[in-house]
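# Geometric and topological summary
For reference, the chains in residue letters:
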Amino acid sequence: MNPPLSFADAGLPASPAVLLVDDDEVNLLLTTLALRERGFTITEASSGERALELLADWVPDIIVLDAMMPTLDGFATCRAIRAMNGFENVPVLMLTGLDDDASITRAYQAGATDFFVKATQWSLLAGRLHYLLRASRTRIELERSTAKLARAQDLARMGSFDWRRSEAGLVVSPEGLRVFGYGAQDGVSLRRLLRMVPRDERRALMRLLHDVLRQSSVLAIDVPITLYDGNRRIIHVEAEPEYNEHGHTIGYTGIVQDVTDRRAAEDRIRHLANFDALTGLPNRHQLIWRAERALEYARRGQHQFALLLIDLDRFKIINDTLGHAAGDELLMEVARRLRACVRHSDQALEGSIETAGARSHRTLEAVGRLGGDEFVALLPEVAEDRDAARVANRILEVMREPIFVSGQECFVTASVGVAIYPRDGATVADLMRNSDVAMYSVKDQGKNAAAIYGPQLAGRGREKLELETALHKAIERDEIVLHYQPKIDVRKSAMVGVEALMRWNRGGRLVPPGDFIPLAEETGLIVPLSEWALREAARQAKAWQTSRGFSDSIAVNLPSHLFSRSDLIEHIHQCVTGFGVPHRVIQLEITEDNLMKDLQDVIPSLHRLNEIGVEISIDDFGTGYSSLAYLTTLPISELKIDRSFVRDLGITPQSSAVVTAIIALARSLGLRVVAEGVETLRQMEVLHRLGCFIMQGFLFSPGKPAEDLDRWLEQMVLPRKAPWIGQVSEIDFATDAVRAASGRIHR
């Protein structure tokens, strides 16, 4: 007994199903027994007709047909089987006793997979069946792989091709034909495909193909084509040479792929990487790249290159007031206007200007968005400063026109700083830094202008940077001090409070507040400085309370945004309780302009401060352009007449009229009124006559350290030696005499 064949190793069924068809009962029996013994499952049919009946609802793994049978022989049966749906690829082995070429040819023509001469060599027959089954399985897997590949190529819009130098020429797979817009049955030639390439690019492509063919090199290229329906596509072509046994190139084999969508996505990614999504202008990355290329060309061509830094002056106000959507709309309109001020080019990308000719650097000219409300204009070639100044003035001019945003007319000006290579810097970083210095010099001088960088601006910028650095360290080094200027009630010739004035003792020299307070506000240092001032004022109040029974208040001037801080009340409470003084010893001053700017934000804090006993004084009163209605609703205790009105008292009637109105307003609202900036006896006399009795100014005393103020009180005020005290006495005497005379007349 022969051992059964192992089918599992070949990936075949464990017991393959065989349909055995033979009209000879003896042969049928013997063959069945032999094949079953070798692991096959046999189904018998004694005629061709019976075989077709069985196959109507069953598909075996392999069919074995006797060639010579009555009525319907094996050849006819095989043809009938091949005509049945689903039996095109089932392996059929024809058994024949006719060992002649004609029978073999006839078997193959009928659709047989192979033939076997009848014999009793059953092992050979089983081996032949095993081989056919394995070959069938391999073919099926190959067909599946081919179908999957075709499907994958279809999805990837990819196909293959072969090109031969011989008469065969170009052969393109059906998937490849679809890439070019053709059907599987369409015949195409290389010439026909080349005609799909635009005429202006076809000549360059032909030269490349000839070079590749001459050198037998690899081809990899993206080719634009126009399909016959008019659509434009990008086709990626890759091909490698094939050689004969002598090492000669006989042709090329390769793939074609429609990469139009991929190229569009790559172009989009490249655009997003190089251009601002909001304005469409070149972004920082693209600007730096262009600037570096422009500088390189300027160095090579020995000409000048200008960089203009443009900063919008009032963008933050509009953005905060109208919202970010309105801010974006404004930036888009600004970008449109700026683009029109230069020969703007969007085409200069990495690698695209090297072959554009001697004037290719001109394509680098553009306006870009650096970030936020900052823009940059690049002028790759300028003959002199006036060329850059002309563009800067053009920018200023277009920005002066109103911009309509969300239905609101807005005015946005610009500050422009200009730096020119090579004079103002040898690198892009130098030019950016120096144009920034020039731009901020414009900001410092009122904005809405342009400035070309110069060494004097650099010195000013370095001074500002050094000042900022030193100011950061000033608090740590206890260099910040408070000077105190007294408030005088001239009727009593007595001090009724003081104002704390911040000074910076830098290296033994007092830095005036005008030189460092604006910088502190710009850098945010005003917050720790103000908190320190409140603590120091509370400490000094306690010292004076202990030494001479001080019960008045110390006024501290705070920026408006500190009033909107939620921790302001708690900080003041900690300051006064820490030194054991009442809350009323701290008075807070806020300028009228700052109050009106942030009115809605500071109102809650003002009420809470009033509740704990901290008084509020309005500084520089009369200079703000606002409604006076806030005076009736806010918890204000004091108005301070601005020094600009006090200065002209006794000289212009207008100043007296304004001061009179302020005094009358304060009295009607029950508010104290203080005149600041009193420097002459004449001013004091007029104020006294108009009914303002509390004053401060250089006539009485400038701001002094606490110990100097104590000496001034002891040496000048308490002994009544100050010259203004005698003058006040004379004014009071004259006033009393006038009142007495008036009384006698009335009697």
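See the structure shown above.
Read on for an overview of the structure. Every value quoted in this text rests on a predicted model; they were computed, and no experiment measured them.

### Thoughts on the overall build of the chain
- When helices and strands are counted, the chain shows 27 helices and 26 strands.
- Classification of the 747 residues of the chain by burial places 46% in the buried group.
- Partitioning the intrachain contacts of the chain with sequence separation of at least 6 by distance along the chain shows that 63% fall at a separation of at least 24.

### What to know about the pairing of strand 3 (residues 62-66)
- Most of strand 3 sits inside the fold, with five of its five residues counted as buried.
- Side chains Ile-62, Val-64 and Asp-66 project from strand 3 onto one buried face, and the interleaved Ile-63 and Leu-65 project onto a second face that is buried too.
- Note: strand 1 (residues 17-21) against strand 3, four bridges, orientation parallel. For Leu-19, the partnering residue across the bridge sits in strand 3 and is Ile-63.
- Strand direction decides the pairing type here: strand 3 and strand 4 (residues 92-96), joined by four bridges, are parallel. Looking at the pairing, Val-64 lines up with Leu-93 of strand 4.

### Concerning helix 1 (residues 25-37)
- With 13 residues, helix 1 extends 18 Å between its outermost C-alpha atoms, agreeing within 8% with the 18 Å of an ideal straight helix rising 1.5 Å per residue.
- The backbone nitrogen of Val-26 has a side-chain oxygen 3.0 Å away, supplied by the residue at the start of helix 1, namely Asp-24.
- Where helix 1 ends, the next residue or the one after it, Gly-39, has phi of about 100°, a positive value.

### What to know about the environment of Ile-586
- On the secondary structure map, Ile-586 appears in strand 22 (residues 586-591).
- Distance from Ile-586 to Arg-535, taken between C-alpha atoms, is 9.9 Å for residues 51 residues apart in sequence.
- When sequence neighbours within four positions are dropped, the list of residues in contact with Ile-586 reads Leu-534, Ala-537, Ala-538, Ile-554, Val-576, Val-614 and Glu-615.

### Examining the sheet that holds strand 13 (residues 374-382)
- Pairing is mixed across the open sheet formed by five strands, whose spatial order is 12-13-11-16-17. For this open sheet the edge positions go to strand 12 (366-371) and strand 17 (450-452), each flanked by a neighbour on one side alone. Averaged over all neighbouring strand pairs, the angle between strand axes comes to 20°, with direction disregarded.
- Pairing between strand 16 (residues 414-421) and strand 17: three bridges, direction parallel. Each residue of the ladder has a partner; that of Val-418, found in strand 17, is Ile-452.
- The sheet contacts of helix 13 (residues 385-399) involve strand 11 (304-312), strand 13, strand 16 and strand 17, and relative to strand 16 the element is tilted by about 165°.

### Here we look at the nonpolar core
- The biggest cluster of nonpolar side chains holds 88 residues, and the ones touching the most others in it are Phe-563 and Leu-588.
- Counting residues per element, this core draws most heavily on helix 17 (residues 526-548), which supplies 10 residues.
- Discounting chain neighbours no more than four positions away, the residues touching Phe-563 are Leu-558, Leu-568, Leu-588, Glu-589, Ile-590, Val-602, Ser-605, Leu-606, Leu-609 and Ile-616.

### Examining the pattern of salt bridges
- The tally for this structure, following the rule as stated, stands at 37 salt bridges.
- Between Arg-369 and Asp-276 there is a salt bridge whose closest N-O contact spans 3.2 Å. Linking Arg-369 in strand 12 with Asp-276 in the loop between helix 9 (260-274) and helix 10 (284-301), this pair joins segments that are 93 residues apart in sequence.
- Residue Asp-276 is classed as buried on the basis of its relative accessible area of 15%.

### Describing the packing of helix 24 (residues 653-668) against helix 25 (residues 681-690)
- Orientation of helix 24 relative to helix 25, taken along the N-to-C sense of each, is 45°, at an axis distance of 10 Å. By the angle between their directions, the pair helix 24 and helix 25 is classed as oblique. Helix 25 is crossed by helix 24, and the crossing has right-handed handedness. Where helix 24 approaches helix 25, its residues Ser-656, Val-659, Thr-660, Ile-663 and Arg-667 are matched on the opposing element by Val-686, Leu-687 and Leu-690.
- In terms of residue class, the contact of helix 24 with helix 25 is built from five nonpolar, two polar and one charged.

### Section: the packing of aromatic side chains
- Inspection of the entire model under this criterion finds six aromatic pairs.
- Between Tyr-484 and Trp-544, the aromatic rings sit 5.1 Å apart at their centres with planes inclined by 65°, giving edge-to-face as the arrangement. Taken together, the positions of Tyr-484 in strand 18 (residues 480-489) and Trp-544 in helix 17 put the pair 60 residues apart, joining distant regions of the chain. The pair formed by Tyr-484 and Trp-544 is uniform in burial state, with each residue classed as buried.
- Between Trp-504 and Phe-516, the ring centres sit 5.8 Å apart and the planes meet at 75°, which makes this aromatic pair edge-to-face. Pair noted here: Trp-504 is in strand 19 (residues 494-506) and Phe-516 is in helix 16 (residues 513-523), with a separation of 12 residues, a long-range link. Accessibility classification places Trp-504 together with Phe-516 in one group, the buried group.

Cut-offs used in this document
Residues numbered from 1 in each chain as written. Predicted model: local features only at pLDDT ≥ 70, side-chain atom pairs only at ≥ 80, totals over all residues. Heavy atoms only, no water. Helix = DSSP H or I, 4+ residues; strand = E, 2+ residues; numbered from the N terminus. Buried < 20%, exposed > 50% of the residue type's maximum accessible area, 1.4 Å probe, protein only. Contact = heavy atoms within 4.5 Å. Pairing = 2+ DSSP bridges. Expected span 1.5 Å × (residues − 1). Polar contact = N/O pair within 3.5 Å; in protein donor to acceptor, adjacent residues only side chain to side chain. Axes fitted to C-alpha atoms, helices over the stretch in contact; angles between N-to-C directions. Core = buried A, V, L, I, M, F, W, Y, C linked by side-chain atoms within 4.5 Å. Salt bridge = Lys/Arg side-chain N within 4 Å of Asp/Glu carboxyl O. Parallel < 35°, antiparallel > 145°, perpendicular 65-115°, else oblique. Left-handed = near helix turned anticlockwise from the far one by under 90°. Nonpolar A, V, L, I, M, F, W, Y, C, P; charged D, E, K, R; others polar. Phe/Tyr/Trp six-rings, centres within 6.5 Å; stacked < 30°, edge-to-face > 60°.

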